[in-house]
Amino acid sequence: MLGAATGTEPRVATDLDAFRVEADLPPELSATAHAAVLAALATADRYGHTRTRAAEYVWAEISREANVTTTESPDTAYRALLGHTTTCTACRTGAVCPDAAKLVRVWRETRR
């Protein structure tokens, strides 16, 4: 989601406790892209913005314990969807992904 919002290739790191996604920010962001970045960050357990002389990027961390495929709450279902889209090559390149479609359906059903 961050890659699509920023138009850059996100960097994904995993450890035992969480997924961490970082995406470089372009010099200019449209209002739509800015809103998409904020929406993507809002779904993470932890998030931030780093700015140095050489680079500017946003990052989001999603706890592994919340990344499950069977859920009982919309929050957990959305985290499962987000966890999948950050690591799936098809999702990251914008291709159709049947797994993401299934996770979207689960998330929508839990919101009812």
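Before reading further, recall that the structure is shown in the block above.
Residues numbered from 1 in each chain as written. Predicted model: local features only at pLDDT ≥ 70, side-chain atom pairs only at ≥ 80, totals over all residues. Heavy atoms only, no water.

With 13 residues, helix α5 (residues 98–110) ought to run about 18 Å at 1.5 Å a step, and its terminal C-alpha atoms sit 19 Å apart, in line with that. Listing the buried residues of α5 in full gives Ala100, Leu103, Trp107 and Thr110. One side of α5 holds all its buried residues, which, seen down the axis, span an arc of 85 degrees. Structural note: α5 exposes Pro98 and Glu109 on the side pointing more than 90 degrees away from its buried face. (Helix = DSSP H or I, 4+ residues; strand = E, 2+ residues; numbered from the N terminus. Expected span 1.5 Å × (residues − 1). Buried < 20%, exposed > 50% of the residue type's maximum accessible area, 1.4 Å probe, protein only. Arc of directions from axis to C-beta.)

The next thing to look at is the nonpolar core. A general tendency of soluble globular proteins is for nonpolar side chains to be buried together. Core analysis: the largest hydrophobic core is formed by 13 residues, its most contacted members being Leu2, Val37, Leu41, Val58 and Ala60. Elements represented by at least two residues in this core include exactly α1 (2–6), β2 (18–24), α2 (31–42) and β4 (56–63). Beyond its immediate stretch of four places on either side in the chain, Val37 contacts Leu2, Ala5, Thr6, Leu29 and Val58. Counting residues in hydrophobic clusters, the runner-up holds nine residues, among them Ala77, Tyr78, Ala80 and Leu103. (Core = buried A, V, L, I, M, F, W, Y, C linked by side-chain atoms within 4.5 Å. Contact = heavy atoms within 4.5 Å.)

Turning to the pairing of strand β1 (residues 11–14), a few remarks are in order. Bridge analysis of β1 against β2 gives four bridges, and the strand direction is antiparallel. The partner of Thr14 across the bridge, within β2, is Phe19. What sits between β1 and β2 in their antiparallel hairpin is a turn of three residues. (Pairing = 2+ DSSP bridges.)

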